[in-house]
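Reading the structure
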Amino acid sequence: MSTPTRPPRHPDRGKRVNTTPRDVRPTRLGLADLLLLGLSPLRTRPMRAVLSALGISIGIATLVVVTGIPASSRAALMEEFAALGTNLLRAEAATGLNNEPASLPPDSTAMVERIGPAHDVSAVANTHAVIRRSDRIPDSETSGLTVLAAKLNLLDTLNGRVRTGTFLTEATSAFPTVVLGDIAAARLGITAPDTQVRINDTWFTVIGILAPLPLAPEVERSALVGWESARGLGFDHRPTVLYLRADEPAIDDVRAVLPQTVHPEQPSQVRVSRPSDALTAKRLTENTFSALMLGLAGVALLVGGIGVANTMVISVLERKREIGLRRALGAHRGQIRTQFLTESVVLCVLGGVAGVLLGLTATAGYACVHNWPAVIPVEMVLAGLGAAVVTGVVAGVYPAVRASRLTPTEALAAP
């Protein structure tokens, strides 16, 4: 009895045979396809997309505005400083005991002129006179105005200008003429020269009205008379405030020796200030409010990002069948994640671009209204767009991962 023979074993038997063609590779979405997928919510649900991007737009617009407006204001301030100068010092007599009026020595102006780096030294003195629009107004109604005796070079020292009329000259300072600061003129109701006002019991003719002087607000609220014509008002020729300009590198040294020079016997009775420091302090205060507004911009971005994330989560729930169909046709999890993440980023970027345009328009309009140069910090515009992209990524991560974890059967079975 013969034993049956087994057929020879095939050499490839028991091995896994790859039946997939070697030229078949997983497909990748191109950039154009990603953009089309990202723009699909705008085509299918435009109102929802607009409302979702609105929060991002408000946040980015606030970011641009709160940086652009202070930058424009700072540029205007720097132009003003360039015109007025930051090398101006102001020395005044400290108030005496019981708030008694104080003054400086009569020769203090001449002594300050001996300081090497100092130049353009001028002075004013409070005459303690009362100015009124007419003799029918009681002496007690002063309108908060001061009558100052002024040196002829005061306007040059302050880098001021006359808005209308002329300033005091050698010829007019000896006569009863007066120049009004812009605030003083407004309170007296005077808009043009050749008008008479009453100072104590003497009629003075207004020969000029000054333009605003940001570095000398006390002059804006004063009536300026000549040093000689002030004698009839009981003036004792003792100045109360000195103004001087010094070379910028030596401004601190001049400021240090000024009290001893003005009043050698009682230097502690002299207060020296730099008027531009007050404007700098004002700018620091505005920067504090800018920091607060930046915080509000961050809150707006956070709220907008939450809104976008909420929209994307709802979109995943509503589009389960679409996700299942794409998975059944061969889309892998990475493509699903990329699709929803791209939609979130595109939504936030479009909101960011709209916010930047809105912020630029608001900044330019505000600067135009205040006659400021419109300054737009480019870095903040780029930061706003970058913040929009980051917000889109953060807001889209969870919805994208959630969408990619849906199986085809689960997604297609969704109602």
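If you're wondering where the values come from, they're calculated on a predicted model, not measured in any experiment.

1. Some thoughts on the pattern of salt bridges
Applying the stated criterion to the full structure yields four salt bridges. In this structure, Glu-92 and Arg-90 form a salt bridge, with 2.8 Å as the shortest nitrogen-oxygen distance. Looking at Glu-92, the relative accessible area reads 18%, which means it is buried. Relative accessible area serves as the criterion here: at 13%, Arg-90 is assigned to the buried category. Residue Glu-218 is joined to Arg-90 by a salt bridge in which the shortest nitrogen-to-oxygen separation is 3.1 Å. Of the two residues, Glu-218 sits in helix α6 (residues 217–220) while Arg-90 sits in strand β1 (residues 88–93), which places them 128 residues apart along the sequence. What makes Glu-218 buried here is its relative accessible area of 18%. Shared partners join several salt bridges into a network, and the residues in it are Arg-90, Glu-92, Glu-218 and Arg-271.

2. With respect to the packing of helix α10 (residues 333–369) against helix α11 (residues 378–404)
To characterise two packed helices, one gives the angle between the axes of the helices and the distance between these axes. Between α10 and α11, whose axes approach to 7 Å, the crossing angle comes to 150°. As the angle between them shows, α10 and α11 are arranged roughly antiparallel. For the element pair α10 and α11, the recorded crossing hand is right-handed. Tallied by class, residues from the contact of α10 with α11 come to 19 nonpolar, six polar and two charged.

3. So, the confidence of the model for the protein
With 80% of its residues at a pLDDT of 70 or more, the protein shows a mean pLDDT of 79. Of all secondary-structure elements in the protein, the lowest mean pLDDT belongs to helix α8 (residues 275–318), at 66, while strand β6 (residues 177–180) reaches the highest, 96.

4. Regarding the packing of helix α9 (residues 320–328) against α10
For the pair α9 and α10, interaxial distance at closest approach is 10 Å and the crossing angle is 140°. By the angle class used here, α9 and α10 are oblique. Read as a crossing pair, α9 and α10 show a hand that is right-handed. Only Arg-333, Ile-336, Gln-339 and Phe-340 of α10 make contact with α9, whose side of the interface consists of Glu-322, Ile-323, Arg-326 and Arg-327.

5. Some points on the nonpolar core
Core analysis: the largest hydrophobic core is formed by 41 residues, its most contacted members being Ile-131, Val-178, Leu-180, Val-197, Ile-199, Val-225 and Leu-258. When neighbours within four sequence positions are excluded, Leu-258 is seen to be in contact with Leu-89, Ala-91, Val-112, Ile-115, Leu-244 and Val-272. Within the second largest apolar cluster, 21 residues are counted, among which are Cys-348, Val-356, Ala-387 and Ala-388.

6. A few points about the pairing of strand β7 (residues 195–199)
Counting buried positions along β7 yields four of five residues, so the element is predominantly enclosed. Sheet topology places strand β3 (residues 131–132) next to β7; two bridges connect them, and they run antiparallel. Residue pairing across strands places Ile-131 opposite Ile-199, the latter belonging to β7. What sits between the antiparallel neighbours β7 and strand β8 (residues 202–210) is a turn of two residues, in which Asn-200 has the positive phi angle 55°.

7. Some thoughts on unusual backbone geometry
The phi dihedral of His-128 falls on the positive side, at around 60°, and the residue is not glycine. Within the secondary structure, His-128 sits in the loop between β2 (118–126) and β3. One non-glycine residue, Asn-200, lies in positive phi territory at about 55°. Counting through the fold element by element, Asn-200 comes out in the loop between β7 and β8.

8. What about α9?
Taken residue by residue, α9 has Ile-323, Gly-324 and Arg-327 as its buried positions. In an axial view of α9, the angular spread of the buried residues amounts to 100°, which keeps them on one side of the axis. Two residues or fewer past α9, Gly-330 is found with a positive phi of approximately 115°.

9. Side note on the side chain of Ser-108
Relative to the assigned elements, Ser-108 resides in helix α3 (residues 108–112). For Ser-108, a relative accessible area of 0% translates into the label buried.

Definitions and cut-offs
- Residues numbered from 1 in each chain as written.
- Predicted model: local features only at pLDDT ≥ 70, side-chain atom pairs only at ≥ 80, totals over all residues.
- Heavy atoms only, no water.
- Salt bridge = Lys/Arg side-chain N within 4 Å of Asp/Glu carboxyl O.
- Buried < 20%, exposed > 50% of the residue type's maximum accessible area, 1.4 Å probe, protein only.
- Helix = DSSP H or I, 4+ residues; strand = E, 2+ residues; numbered from the N terminus.
- Axes fitted to C-alpha atoms, helices over the stretch in contact; angles between N-to-C directions.
- Parallel < 35°, antiparallel > 145°, perpendicular 65-115°, else oblique.
- Left-handed = near helix turned anticlockwise from the far one by under 90°.
- Nonpolar A, V, L, I, M, F, W, Y, C, P; charged D, E, K, R; others polar.
- pLDDT = per-residue confidence, 0-100.
- Contact = heavy atoms within 4.5 Å.
- Core = buried A, V, L, I, M, F, W, Y, C linked by side-chain atoms within 4.5 Å.
- Pairing = 2+ DSSP bridges.
- Arc of directions from axis to C-beta.

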